[in-house]
Amino acid sequence: MKKSHRLSSIFPISPPQGGSGGAWVLICILLASPFLLYAVTLLQPVHDDWSYFTTPYYDFGDDFTARLKPYFSYWRPFDSLFGYVLSLAPGLFPTLNHIAVYLAHLVSTFLVYKLCRTFGFSDFARNVATIFFFISPAMLGTVLGIDSMNQAYAQMWGLLGTLFYLEMKGRARLPLWLGCTLVATLCKENGITFFVIPQILAYASGKISFRQAMKDTAWALAVMIIYYVARKALYNENVCIDDEYLENTLSRKLKNIGVFVGMTWIPLDYVSLYHAPSRNLAVVAVTAALSVPFVLYLFFSKPRNMRSRLFAGLAVCMIIAVSPHLVTLISAMHPYASLGMAALIVAYLTDKAASRRTVTVLFALFIASTAYVDWHHWQKSYQSSMTGKRMGQEAVMKLGRPVESVFIIHIDRGEQKYSSFCAIPYDAFGWGKAIYKETGYRWPKIISDTNITPAETHKIDSIVRHAVTVEKCEKVLLVHGDTVDILR
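Being a predicted model, the structure only gives us computed values, none of them experimental.

Draft legend 1. Fine view of helix 8 (residues 197-204). For helix 8, the buried fraction is high: six of the eight residues fall into the buried class. Looking only at helix 8, the buried set comprises Ile197, Pro198, Gln199, Leu201, Ala202 and Ala204.

Below, the structure is given as structure tokens:
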């Protein structure tokens, strides 16, 4: 068997001759990882983190196989199995989630570096693209999240399959690519885009002919059909699609495009822009002034660079990677889906830029701005998560003893939030699930809640009577802002 058939040719133990100059960036990332991972593991659950499959004791019913079947609008058995592991050891939540997400991002960073080598980009371009992928604000919604494991691993397996497709020869090439892409799809549905991305990249870079690309796409189509048939065969009554994903208005589509373009190519401090209590337009202006020139210079220092077949292929693949979200819903997590392709575009444009010296200076400013933006988003995420944890501890202390059932009345004051970074207190509280976590998932077994506005506080007495006499709840809590009180 030729060396090019082996995995060792794709993941060499030692750096290649004449191409090891860029390895320092990977070493720096590895050295920084323990500190970054520690910071991430300090974050506690907020909002969707409390209600996704990757939480302890998620209710799939009594049938274990329900975890392996489509559930709601998802078919994500790996997330469901991860949640099962956490149910066996709930004390690992959410630390194990954070570790898993960060490791996926770290592996994807290495894959981006390797793909840059595959395309023959210079050491300098590889370094820039690798750092861009690792620190870009487009990764924050995924890497800082707990329920985002699916997004991180769909990217990782998709990039790995792409690397196999581009670099391997022989019979193992197609099965490895198709297998990795199928796993990516079972991690999250947008992973299905990697059934077409590698062929476009290979054709655009001159690695294969158009005929070969079509032949390989036929194999990919066969696997996609098998996936679709299996999903339909396993369809059950729990499968449904959130109406939010079906909103087909112009404003929704424009917002999707804005979030995608903004998070990917306009890295500024969005906390200071969108979160009214934290708004600071001076910070927005400074972070934009430091980071945007780098992006503008890459694209416009030599505009003819954007007329090549490789650039067109990379751009098309970036759009394809994020397309499932563009046609449904894009939040802060979703631009991560196309971040790998965006990083390859950065590598290509860096290699073709008019002045490497200018790129170096502008990228240094970009790093400084992005480091602040990343830190600020982490800080707000930490504050939000600590609010939820403190509220859970306060509720446990005021309840005083284990109870079987709790009813929560939440006075909704219309607090503003910004994604999962700046969560409102009640969302950070997990609608009462923070109590469950603080008791080691022992009690309360039943948590019910209702929302009222400040103008409806006169209804509290009747709600309490209903909760006690009809729903037979042992305790009734009142949540207003970040304070938890006992009503009965």
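Here the narrative resumes, following the displayed structure.
Draft legend 2. Spotlight on the nonpolar core. Core analysis: the biggest nonpolar cluster contains 110 residues, and Phe121, Phe132, Tyr153, Trp265, Phe294, Met341 and Ile345 have the highest contact counts within it. Examining the composition of this core, we find that 11 residues originate from one element, helix 6 (residues 149-167), more than from any other. Among residues more than four places away in sequence, those in contact with Met341 are Leu159, Phe194, Ile197, Leu201, Leu314, Cys317, Met318 and Ala321. Counting 15 residues, the second largest nonpolar core, distinct from the first, contains Trp50, Tyr426, Phe429 and Ile435.

Draft legend 3. Broad picture of a nonpolar patch on the surface. Taken together, Phe64, Leu68, Leu81, Tyr84, Val85 and Leu88 make up a surface patch of nonpolar side chains, about 500 Å² in accessible area. Summarising the element assignment, Val85 is placed in helix 2 (residues 77-88).

Draft legend 4. Summary view of the packing of aromatic side chains. Scanning the entire structure with this criterion turns up 35 aromatic pairs. With a centroid separation of 6.0 Å and an interplanar angle of 75°, the aromatic rings of Phe53 and Tyr71 are classed as edge-to-face. With Phe53 in the loop between helix 1 (23-41) and helix 2 and Tyr71 in the loop between helix 1 and helix 2, this pair connects stretches of sequence that are 18 residues apart. Given a relative accessible area of 2%, Phe53 falls into the buried group. Seen in terms of ring centroids, Tyr426 and Phe429 are 6.3 Å apart; in terms of plane orientation they differ by 45°. Their pairing is tilted. For the pair Tyr426 and Phe429, a shared accessibility class is recorded, and that class is buried. Taken together, the aromatic side chains of Phe119, Phe121, Phe132, Trp265, Phe294, Phe299, Phe300, Phe311, Tyr348, Phe363 and Phe366 make up a single cluster linked through ring pairs.

Draft legend 5. Structural detail: the environment of Val470. With respect to the helices and strands, Val470 occurs in the loop between helix 18 (460-469) and strand 3 (475-480). Note on Val470: relative accessible area 52%, which makes it exposed. In sequence terms Val470 and Tyr228 are 242 residues apart; their C-alpha atoms lie 45 Å from each other.

Conventions adopted
- Residues numbered from 1 in each chain as written.
- Predicted model: local features only at pLDDT ≥ 70, side-chain atom pairs only at ≥ 80, totals over all residues.
- Heavy atoms only, no water.
- Buried < 20%, exposed > 50% of the residue type's maximum accessible area, 1.4 Å probe, protein only.
- Helix = DSSP H or I, 4+ residues; strand = E, 2+ residues; numbered from the N terminus.
- Core = buried A, V, L, I, M, F, W, Y, C linked by side-chain atoms within 4.5 Å.
- Contact = heavy atoms within 4.5 Å.
- Patch = residues over 30% accessible without salt bridge, like charges linked within 9 Å, V, L, I, M, F, W, Y side chains within 5 Å.
- Areas by Shrake-Rupley, 256 points an atom, 1.4 Å probe, with all protein chains shown as cover.
- Salt bridge = Lys/Arg side-chain N within 4 Å of Asp/Glu carboxyl O.
- Phe/Tyr/Trp six-rings, centres within 6.5 Å; stacked < 30°, edge-to-face > 60°.

Remember that the coordinates give geometry; whether it matters functionally is a separate question.
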